Amino acid sequence: MRIFLLSIVSALFLVAGCSNADGAESSKELVLAHNQPQEHPIHESLVDFGRLLEEKSNGELKLRIYSNGQLGSEREVIEMTQTNAVQFTKVSASALESFSEAYSLFSMPYLFDSQEQYRDIMKMPEIQTAFYNKTADNGFIGITYYDAGVRNMYTKERILETNEDMKGLRTRVQPSQTSVQMIEALGGTPTPMGFGEVYTALQSGMLDAAENNESALTDNAHGEVAKHYFYTEHAMVPDILIMNKEAFDELTEEEQQWVQEAADESTALHEPRWDERMVEARETAESEMGVTFYDIDKSTFMEAVQPLQERFADNEATQEQYDLIMRGKQDE
Ligand code: GCU
């Protein structure tokens, strides 16, 4: 019993960190949860974030990462971040839509014209302020973004040539109103669900299609069941690193700066990693999984979603962010 207790105490000691000579805590462990497997590029970029944080703080701030949805779906880990059960999570901006409407803008189809433009705009300080602080009253703030690629349609069987071919196609979307409206506008049948359920739903025939970046085919194995991938390029929805607001406020100014710098640097390291891995994902999906990739004429898709785009141009709740992005596009 004694040995058992001792081992629990020493385990807790490790988690809480070491104390220095006057008993003050010399290291803090912060916890981050996310839904991707450890082979996924985003996991590696979050590992970079932890490494940089530890380096900058001389070991004072350490990061423990729970990957693979071990602690729950995106919705669940956002809620855990709100209560400070975990300090950080990385989720799709789309999952933040129900906490702040501003984030719905990222699910507006064809918001950005190119990936370079999207990356430049995401790094503008005005953009970051306009989004990241919007959820402070919900108990968390945004810290940085990670490129989560370009979202494209993929199907189990059907070949898409125009949006008309989406008719009746049960298509998985992220649990977001805007994504539901997008698939409706395209003529498909939207089926919102958490990312972790998509593979089984495709396999069982509950879904005919989904939409995501290329790594969903390989890292998440969707290419085992969905064999046709179409470059509709209808959205670029960033992943956002969020942090519990109180946990951030409790850090000293210097510690806050380490967090911010480590996050920004990990975002920069993520971009070339992402590009390389999407090329590899396509190659693997083609050669090992038998997925066919199709360049598609996007014009009918773009036309079909125009009413949705017009609604955003005139939506008070997202006006500030919309105008900033449009200005960013003009300045390009
Ligand atoms: C991307 C994104 C994830 C998200 C997923 C989804 O892969 O990086 O954060 O969960 O899309 O479609 O739900």
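Treat the numbers as computed from the prediction; the structure is a model and nothing was measured.

Sorry, what's going on with the pattern of salt bridges here?
Close approach of charged atoms allows side chains with opposite charge to pair. Scanning the entire structure with this criterion turns up 23 salt bridges. When the shortest N-O distance is used, the salt bridge between Arg-119 and Asp-275 registers 2.8 Å. With Arg-119 in helix 4 (residues 115–122) and Asp-275 in helix 10 (residues 253–289), this residue pair connects regions lying 156 residues apart in the sequence. Accessibility expressed as a relative area gives 10% for Arg-119, which makes it buried. Residue Arg-151 is joined to Glu-211 by a salt bridge in which the shortest nitrogen-to-oxygen separation is 3.0 Å. Of this pair, Arg-151 sits in strand 5 (residues 151–155) while Glu-211 is found in strand 8 (residues 209–212), placing the two residues 60 residues apart along the sequence. For the pair formed by Arg-151 and Glu-211, the shared burial category is buried. Through salt bridges with shared partners, one network takes in Glu-44, Asp-48, Arg-51, Glu-55, Arg-273, Arg-277 and Glu-280.

Would you mind going over the site of the ligand with me for this structure?
Around the ligand lies a shell of 13 residues, among which Glu-74, Lys-90, Arg-151, Arg-172 and Asp-239 are the nearest. Gln-174 is positioned such that a nitrogen or oxygen atom in its side chain is 3.4 Å from an oxygen atom of the ligand. At 3.0 Å from an oxygen atom of the ligand is found a side-chain nitrogen or oxygen belonging to Asn-212. Protein burial of the ligand: of its 320 Å² of free accessible surface, 98% is covered by the chains.

How do you make sense of the packing of helix 2 (residues 41–56) against helix 10 when you look at a structure like this?
Angle between the axes and distance between the axes: these two values describe a pair of packed helices. Packing of helix 2 against helix 10 leaves a shortest axis separation of 8 Å and a crossing angle of 150 degrees. When the axes of helix 2 and helix 10 are compared, the pair comes out roughly antiparallel. The interaxial crossing formed by helix 2 with helix 10 has right-handed handedness. Broken down by class, the residue content of the contact of helix 2 with helix 10 amounts to 12 nonpolar, three polar and eight charged.

Would you explain the domain arrangement of the protein chain in this entry?
Many structure descriptions define interface size as the accessible area lost when the parts assemble. Splitting the protein chain by domain gives domain 1 (9–18 + 27–147 + 238–279) and domain 2 (151–236 + 284–331). The centre of domain 1, based on its C-alpha atoms, is set 24 Å off from the matching centre of domain 2. At the junction of the two partners, domain 1 supplies 36 residues and domain 2 supplies 35 residues. Each partner contributes to the roughly 3000 Å² buried at the junction of domain 1 and domain 2, and carbon and sulfur atoms together form 64% of this total. The tally of links from domain 1 across to domain 2 stands at two salt bridges. Glu-320 serves as the salt-bridge partner of Lys-134, at 3.5 Å between the closest nitrogen and oxygen. Elements represented by at least two residues in the side of domain 1 that touches domain 2 include exactly helix 4, helix 5 (125–132) and helix 10. Its residues assigned to classes, the side of domain 1 that touches domain 2 shows 19 nonpolar, 10 polar and seven charged.

I tried to follow the nonpolar core on my own but got confused; where do I start?
Grouped burial of nonpolar side chains is what soluble globular proteins tend to show. Counting 54 residues, the largest nonpolar core has Phe-106, Phe-131, Leu-186 and Ile-325 as its most contacted members. Domain assignment of the residues forming this core places at least three in each of domain 1 (9–18 + 27–147 + 238–279) and domain 2 (151–236 + 284–331). Discounting residues that sit within four places of it in the chain, Phe-131 has contacts with Ala-102, Tyr-103, Leu-105, Phe-106, Gln-321 and Ile-325. If you look at the next biggest cluster of nonpolar residues, it comprises 22 residues, including Ile-141, Ala-247, Phe-248 and Trp-258.

So what exactly am I meant to see when it comes to the environment of Glu-280 here?
The topology assignment puts Glu-280 in helix 10. Through-space distance from the C-alpha of Glu-280 to that of Val-173 is 24 Å; in sequence the pair is 107 residues apart.

So what exactly am I meant to see when it comes to the sheet that holds strand 4 (residues 140–146) here?
Judged by pairing direction, the sheet is mixed, and its five strands sit side by side in the order 2-1-3-10-4 without closing on themselves. Of all the strands in the sheet, the pair left with one neighbour each is strand 2 (61–66) and strand 4. Neighbour to neighbour, the strand axes of the sheet diverge by 25 degrees on average, direction disregarded. Pairing geometry for strand 4 and strand 10 (residues 239–244), over six bridges, is antiparallel. Residue pairing across strands places Ile-141 opposite Met-243, the latter belonging to strand 10. With respect to the sheet, helix 2 is in contact with strand 1 (28–33), strand 2, strand 3 (88–92), strand 4 and strand 10, its orientation differing from that of strand 2 by roughly 160 degrees. The sheet contacts of helix 3 (residues 74–82) involve strand 1, strand 3, strand 4 and strand 10, and relative to strand 3 the element is tilted by about 145 degrees.

Reading the values: rules and limits
- Here the residue index of a chain counts from 1 through its sequence in written order.
- Given that the model is predicted, a residue must reach a pLDDT of at least 70 before its local features are reported, and side-chain atom pairs must reach 80 or more before they are shown or counted; all residues, however, enter totals for whole chains, interfaces and linings.
- With hydrogens and water set aside, each side-chain value is computed from the structure's full complement of heavy atoms.
- Criterion for a salt bridge: a side-chain nitrogen of Lys or Arg within 4 Å of a carboxyl oxygen of Asp or Glu.
- Helical segments are the DSSP runs of H or I of at least four residues, strand segments are the runs of E of at least two, and each set is numbered from the N terminus.
- Exposure classes here rest on a 1.4 Å probe applied to the protein chains alone. A residue is buried below 20% of its type maximum, exposed above 50%, and partly exposed in between.
- Here a residue is considered near a molecule or strand provided that any single heavy atom belonging to it is located within 4 Å of it.
- We define a polar contact as two N or O atoms separated by no more than 3.5 Å, with the added condition that, inside protein, one atom must be a possible hydrogen donor and the other a possible acceptor, whereas residues neighbouring each other in sequence contribute only through side-chain atom pairs.
- The Shrake-Rupley method, run with a 1.4 Å probe, gives the accessible areas here. Residue values count only the displayed protein chains as cover.
- Every angle, taken between N-to-C directions, lies between 0 and 180 degrees, and every axis is a line fitted to C-alpha atoms, over only the stretch in contact when it is a helix.
- Should an angle fall under 35 degrees it is called roughly parallel, over 145 degrees roughly antiparallel, and 65 to 115 degrees roughly perpendicular, with every other angle called oblique.
- Should the near helix be turned anticlockwise from the far one by less than a right angle, the crossing is left-handed, and should it be turned clockwise, the crossing is right-handed.
- Residues were grouped as follows: Ala, Val, Leu, Ile, Met, Phe, Trp, Tyr, Cys and Pro as nonpolar; Asp, Glu, Lys and Arg as charged; and all remaining residues, including Gly, as polar.
- For every domain, the bounds stem from an assignment made automatically or drawn from a database.
- Here, two residues are considered to be in contact whenever any of their heavy atoms come within 4.5 Å of each other.
- A simple way to read buried area is as the amount of 1.4 Å-probe accessible surface that goes missing from two parts once joined, with both sides added.
- Remark: nonpolar core denotes a set of buried residues (Ala, Val, Leu, Ile, Met, Phe, Trp, Tyr, Cys) joined through side-chain atoms within 4.5 Å.
- Strand pairing is defined by DSSP finding a minimum of two bridges between the two strands.

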